Amino acid sequence: MTVNTFFENYEKATNAFDIETISSLYADIFMFGGPKGVQSVKKVDFLKVLPKRQAFFKEVGLKKTKFVSLEQTKLDDLYQMVKVMWNM
């Protein structure tokens, strides 16, 4: 699966609130980066907050999330860092 395909699948699963597909796209532990830095996250913990995230998005009027672009940086033969831009 290409990186683009991964995020296209993630977009579809997020918009459909397809927890099974979202879960399949994450490792058991993954890295997440945001404005406050980078942290490791357990998939089981992430999946627990998805219903709250969906409720929040619905409350603020979000109807659709659109994958816009990505910037890939190869770290080594196995890993890439990807900066993803979303339209929400």
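For the structure itself, look to the data block above.
Fair warning: this is a prediction, and the values are worked out from it, not measured in the lab. (Residues numbered from 1 in each chain as written. Predicted model: local features only at pLDDT ≥ 70, side-chain atom pairs only at ≥ 80, totals over all residues. Heavy atoms only, no water.)

On to the overall build of the protein chain, then. Regarding its fold elements, the protein chain presents three helices and four strands. Reading the helices (α) and strands (β) of the protein chain from amino to carboxyl end gives α-α-β-β-α-β-β. On C-alpha atoms alone, the protein chain measures out to a radius of gyration of 13 Å, which is about the 12 Å that the 2.2 N^0.38 rule sets for 88 residues. Once the C-alpha set of the protein chain is aligned to its principal axes, its extents read approximately 40 × 25 × 25 Å. Taking all 88 residues of the protein chain together, the buried fraction comes to 19%. Across the protein chain, contacts joining residues at least 24 apart in sequence account for 36% of those joining residues at least 6 apart. Here the protein chain has roughly 7000 Å² of accessible surface; of this, 56% comes from carbon and sulfur atoms. When the 13 positive and 10 negative side-chain charges of the protein chain are each reduced to one mean point, those points stand 7 Å apart. (Helix = DSSP H or I, 4+ residues; strand = E, 2+ residues; numbered from the N terminus. Rg over C-alpha atoms; globule rule 2.2 N^0.38 Å. Buried < 20%, exposed > 50% of the residue type's maximum accessible area, 1.4 Å probe, protein only. Contact = heavy atoms within 4.5 Å. Areas by Shrake-Rupley, 256 points an atom, 1.4 Å probe, with all protein chains shown as cover. Lys, Arg positive; Asp, Glu negative; His and termini not counted. Charge placed at Lys NZ, Arg CZ, Asp CG, Glu CD.)

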